[in-house]
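Architecture and fold: a report
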Amino acid sequence: MSEWPLWEVFIRSMHGLAHKHVGSLHAPDAEMAIRNARDVYTRRNEGVSIWVVRSSDITASSPGDKEALFEPANSKVYRHPTFYEVPDEVENL
Amino acid sequence: MSAEFQERIEAGIKIEPKDEMPEGYRNTLIRQISQHAHSEIVGQLPEGNWITRAPTLKRKAILLAKVQDEAGHGLYLYAAVETLGVTREQTIQDLLSGKAKYSSIFNYPTLTWADIGAIGWLVDGAAIINQIPICRCSYGPYARAMVRICKEETFHQRQGFEIMLTLARGTPEQKAMAQDALNRWWWPSLMMHGPPDADSKHSAQSMAWKIKLFSNDELRQKFVDQIAPQADFLGLKIPDPDLKWNPERGHYDFGPIDWNEFYSVIQGNGPCNRERLQARIDAHRQGAWVRDAAAAYAAKQRAKARVA
Amino acid sequence: MSAGSDNILFEYLLRLGDNCLILSQRLSEWCGHGPVLEEDIALTNVALDLLGQARLWLSYAGEVEGRGRGEDDLAFLRDAREFRNVLLVEQSNADYAFTTARQFYFDAWHSLALSELMRSADVRVAEIAEKAAKEVTYHLQRSSEWVIRLGDGTEESRHRMQTAVDALWSYTGELFEMDEMDRSARERGLGPDWSALRERWMQYVARTFAEATLEIPQGTWMQRGGRHGVHSERLGYILAEMQFLQRAYPGAKW
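Going along each chain's sequence as written, the residues are numbered from 1 onward. Starting at A for chains and at 1 for ligands, labels are handed out in the order in which the entities are written. For a predicted model such as this one, the threshold for reporting local features is a pLDDT of at least 70, and the threshold for listing and counting side-chain atom pairs is 80 or more; totals across whole chains, interfaces and linings nevertheless cover every residue. The basis for the side-chain values is all heavy atoms of the structure; hydrogens and waters are excluded.

1. Some remarks on the overall build of chain B
A count of helices and strands for chain B gives eleven helices and two strands. Working definition: helices are DSSP H or I runs of at least four residues, strands are E runs of at least two. Numbering for both runs from the N terminus. Along chain B, helices and strands appear, N-terminal first, in the series α-α-α-α-α-α-α-α-α-β-β-α-α. Here the C-alpha radius of gyration of chain B, 21 Å, is about what a compact globule of 308 residues would show, namely 19 Å. Each principal axis of the C-alpha atoms in chain B carries an extent, and together these give about 70 × 50 × 35 Å. The long-range share in chain B, meaning contacts at least 24 apart out of those at least 6 apart in sequence, stands at 77%. Carbon and sulfur atoms form 55% of the exposed surface of chain B, whose accessible area is close to 12,900 Å². Just so you know, the count uses Lys and Arg for positive and Asp and Glu for negative, and it drops His and the chain ends. Think of each charge as sitting on NZ of Lys, CZ of Arg, CG of Asp or CD of Glu. Charge separation in chain B, taken as the distance between the mean sites of 38 positive and 36 negative side-chain charges, equals 8 Å. Throughout, the radius of gyration refers to the C-alpha atoms, and the reference size of a globule is 2.2 Å times the residue count to the power 0.38. Throughout, a contact is declared for two residues whenever any of their heavy atoms are within 4.5 Å. A 1.4 Å probe and the Shrake-Rupley method give the accessible areas. Residues count as covered only by the protein chains that appear here.

2. Here we look at the interface of chain C and chain B
Residue-level contacts link 48 residues of chain C with 46 residues of chain B. We define buried area as the total accessible area lost by two parts upon association, computed with a 1.4 Å probe and summed across both. At the boundary of chain C with chain B, total buried surface from both sides reaches about 4,000 Å², with 69% on carbon and sulfur atoms. Here, a salt bridge means any side-chain nitrogen of Lys or Arg that lies within 4 Å of a carboxyl oxygen of Asp or Glu. For the pair chain C and chain B, the interface holds two salt bridges. A 3.5 Å cut-off defines polar contacts: any pair of N or O atoms within that distance qualifies, except that in protein one atom must be a possible hydrogen donor and the other a possible acceptor, and neighbouring residues in sequence count only when both atoms are side-chain atoms. Between the two partners, chain C and chain B, sit 14 residue pairs in polar contact (both at pLDDT 80 or more). Only helix H1 (7-28), helix H2 (37-65), helix H3 (71-76), helix H5 (96-117), helix H6 (123-151), helix H7 (155-169), helix H10 (234-242) and helix H11 (244-248) of chain C provide two or more residues apiece to the side of chain C that touches chain B.

3. Quick notes on the sheet that holds strand E1 (residues 6-12) of chain A
All names here are of chain A. Strands pair, by our definition, only if DSSP identifies at least two bridges between them. In spatial order, the strands read E2-E1-E3; together these three strands make up an open sheet with antiparallel pairing. Across the chains shown, the open sheet's two edge strands, defined by having one partner strand only, are strand E2 (20-26) and strand E3 (49-54). Strand-to-strand twist across the sheet, computed as the mean angle between neighbouring axes with direction ignored, equals 30°. Bridge analysis of E1 against E2 gives six bridges, and the strand direction is antiparallel. In the strand pairing of E2, Val9 is matched with Gly23. Axis angles are defined between N-to-C directions and span 0 to 180 degrees, where every axis is a line fitted to C-alpha atoms and, for a helix, only to the segment in contact.

4. Overview of unusual backbone geometry
You will see that Lys210 of chain B, though not glycine, has its phi angle at about 55°, which is positive. By the secondary structure assignment, Lys210 of chain B is in the loop between helix H8 (203-208) and helix H9 (216-234). Despite not being glycine, Ala94 of chain C has its phi angle at roughly 50°, a positive value. In this fold, Ala94 of chain C is placed in the loop between helix H4 (87-90) and H5.

5. Focus: a negative patch on the surface
Residues and elements named next belong to chain B. Within the patch definition used here, like charges are joined within 9 Å and nonpolar side chains (Val, Leu, Ile, Met, Phe, Trp, Tyr) within 5 Å, considering only residues with over 30% relative accessible area and no salt bridge. A cluster of like negative charges, contributed by Glu4, Glu7, Glu10 and Glu20, occupies part of the molecular surface. Tracing the backbone shows Glu7 in helix H1 (residues 2-10). In this structure Glu7 comes out as exposed when scored by relative accessible area, which is 57%. For every residue, the accessible area (1.4 Å probe, protein chains only) is compared with the maximum for its type, and the residue is labelled buried under 20%, exposed over 50%, or partly exposed between those bounds.

6. Some details on the interface of chain A and chain C
The interface of chain A with chain C comprises twelve residues on the first partner and twelve residues on the second. Where chain A abuts chain C, roughly 1,300 Å² becomes buried across the two surfaces, and 52% of that area is made up of carbon and sulfur atoms. The largest per-residue losses of area from chain A upon contact with chain C belong to Met32, Arg35 and Asp39 of chain A, which jointly make up 43% of the total buried on that side. Taken together, the links from chain A to chain C amount to three salt bridges. Salt-bridge contacts for Arg149 of chain C lead to Glu31 of chain A; the nearest nitrogen and oxygen are separated by 2.8 Å. At the boundary of chain A with chain C, the tally comes to eight residue pairs in polar contact (both at pLDDT 80 or more). Those elements giving two or more residues to the side of chain A that touches chain C turn out to be E2 and helix H1 (30-41) of chain A. Considering every element that reaches the side of chain A that touches chain C, the biggest residue donor is H1 of chain A, with seven residues.

7. Here's the deal with the state of the cysteines
Throughout, a disulfide means two cysteine sulfur atoms within 2.5 Å of one another. Within this structure, the stated rule accounts for zero disulfides over all chains. Among the cysteines around Cys137 of chain B, which has no disulfide bond, Cys135 of chain B carries the closest sulfur, lying 8.4 Å off. Cysteine Cys20 of chain C shares no disulfide, and the gap to the nearest cysteine sulfur, in Cys31 of chain C, comes to 19 Å.

8. Brief notes about helix H6 (residues 140-168) of chain B
Here a helix's expected span is defined as the number of its residues, less one, multiplied by 1.5 Å. Between its first and last C-alpha, H6 of chain B extends 42 Å over 29 residues, near the 42 Å set by a 1.5 Å rise per residue. In H6 of chain B, a bend of some 35° at Glu152 of chain B exceeds every other bend along the element. The angle between axes fitted to the seven-residue stretch ending at a residue and the seven-residue stretch beginning at it gives the bend at that residue.

9. Some words on the side chain of Lys212 of chain B
Residue and element names in this part refer to chain B. Along the chain, Lys212 turns up in the loop between H8 and H9. Of the buried charged residues, Lys212 lacks a salt bridge, with Asp197 as the closest side chain of opposite charge at 6.5 Å. Look past the residues within four positions of Lys212 in its chain and what remains in contact with it is Ser203, Ser206 and Met207.

10. Structural notes on a nonpolar patch on the surface
All names here are of chain A. A cluster of nonpolar residues, Val77, Tyr78, Phe83, Tyr84, Val86, Val90 and Leu93, forms a patch on the protein surface that exposes about 720 Å² of accessible area. One can find Tyr78 in the segment after helix H2 (66-74). The class for Tyr78 is partly exposed, based on a relative accessible area of 43%.

11. Regarding the environment of Ala61 of chain B
In this fold, Ala61 of chain B is placed in helix H3 (residues 57-82). The spacing of Ala61 of chain B and Tyr252 of chain B is 191 residues in sequence and 36 Å in space, taken between C-alpha atoms. Excluding its chain neighbours within four sequence positions, the residues that come into contact with Ala61 of chain B are Leu48, Leu51 and Arg55 of chain C.

12. Digging into the packing of aromatic side chains
Pairing of aromatic rings covers Phe, Tyr and the six-membered ring of Trp, with a centre-to-centre limit of 6.5 Å; geometry is then stacked below 30 degrees between planes, edge-to-face above 60, and tilted otherwise. The tally for this structure, following the rule as stated, stands at 29 aromatic pairs over all chains. Pairing Tyr41 of chain A with Tyr76 of chain B gives two aromatic rings, centres 5.5 Å apart and planes at 20°, and the pair type is stacked. Of the two residues, Tyr41 of chain A sits in helix H1 while Tyr76 of chain B sits in helix H3, which places them in two different chains. For the pair Tyr41 of chain A and Tyr76 of chain B, one class covers both residues: buried. With a centroid separation of 5.8 Å and an interplanar angle of 40°, the aromatic rings of Tyr105 of chain C and Trp201 of chain C are classed as tilted. Highlighted residues: Tyr105 of chain C in helix H5 and Trp201 of chain C in helix H9 (residues 198-211), separated in sequence by 96 residues. Judged by its relative accessible area of 0%, Trp201 of chain C falls in the buried class. One aromatic cluster is present, built from ring pairs that chain together Phe104, Tyr105, Trp169, Phe176, Trp201, Tyr204 and Phe209 of chain C. Positioned above the aromatic ring of Trp50 of chain B, the side-chain terminus of Arg53 of chain B is 3.7 Å from the ring centre. Should the NZ of a Lys or the CZ of an Arg lie within 6 Å of a ring centre and within 35 degrees of the ring normal, that charge is described as sitting over the ring. The positively charged end of Arg78 of chain C is found above the aromatic ring belonging to Phe83 of chain C, 4.1 Å away from the centroid.

Given below as structure tokens:
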């Protein structure tokens, strides 16, 4: 029999925050993955909500595409507020 | 790739699972992280040996939580190995077949309750010194697992020291128990930082790759410098006639370590090698039908969902 | 008992506390030997919850008794005849099916018991029950899921699980027993009529077994005695191990 599948675990640590990847674990199904995530990753009050997703269901960008994916954004500095000059006297901008 | 890779390491940019990496780097990581994972799992056994005999309910709860943490740490580390393309099942098979190693300290027996104190104080103390730098190592998943582990481990050494302190301040029999534990665990703890730098075959490359940030001897010195004054505080004597403060070096000097014992235990000749491995083999074997059952149930549920 | 102390409440608390203590002790034997890492961790969480509950019940029992005995005196310095746990919780771990069946039978009762005890006329009892109830809700979900997975898993797991639920069946009757002490406690509003919980327990067990493709055991003979201090031979060994240090070094602090 093959090994239980691998799941990625995401935890919302506080109300108002986004779920964050905390690690992975093995579980036979989604229900057990949630329970195991509770027992493995929230032993010290780390969470208020858990997501689990099968690792094999995640599509990741490839490091080879890094330049094509991310470099074009580098040249568009005008998207950042620090690009703009604001005279010191002007407030609330 | 090698020069480019090395530049990236030097620049302090973390390596992530899908990044290109030299085979040697990958293999070194697989070996080191899996040894580390196995050490956590096998490390559950000597302490687990005293859970059912812990002397108070509070101590029992602390010890249970600690041994449970070790299972958790093994789990995080096996997951880090999986990011390098080796499944947990394969990694565990390497342990069970005797191919993979684990920290040889866990091949020593826990004979009295004081051993639980000594393990927390010395063995976890040595482990923390080894592990803290790894939080900054070059491989992202390993570094992140270590951050989590180090955070959780902070209570482990303290609870060990507290046990030793209680015993040292207890009845004469208890104090003798504490001294005896220190006598037996001291030298094996010093060996936990690995062979001397001169004989350490993987060290130089691992340091260049920033998988390792300090040499074995540096870490060992740090450990001795931390523990010696704590032993004084406890009123216990470290079993080394050569141990003394060296004001010129600003460090404690200590006597020669019996590396023959170290290599002999690694070769399988420690007092508990056979039973530690057998315990892991039994747990894995006896758990097979449970794992299979849950997998079979999940498969049936998936099949039902497809029909519906 | 010292004059004026409340023997009924004391005994009542021992029964609750000893169940948790002995079951926790049994579960902790698994730590480091579980069938898979995730399960090792999860089962230890249950052991820790029960140990925490045992400490609350036994500390309170010590206070009620008023002879200066604390949780550790009660746990480590009573002999087998003074333990008040049900026979079910002292049964051996055997395999994972036995461990799961024992846990499931107990959790299903424990969850009902605590929801009643939350309404106890004794404020401390109600408080402890309320804290424990949250933990036990999780225990029951977990053990139910495992009963279902092992029951409806492979041929081997189904066989093992059926064997376990059959073998442990005769220890479930004691959970619903009402003796003189329980009746007095009930009259004072301390806790429920245990026998009245049986039907709901049975419904839950039947529903879970149906999903698990397990057959409900048919035996009607029920073992009893634990709550009166007449245990199986196993308890002596559990205590010999658990109490060793306190017995070997009388009066030492740990």
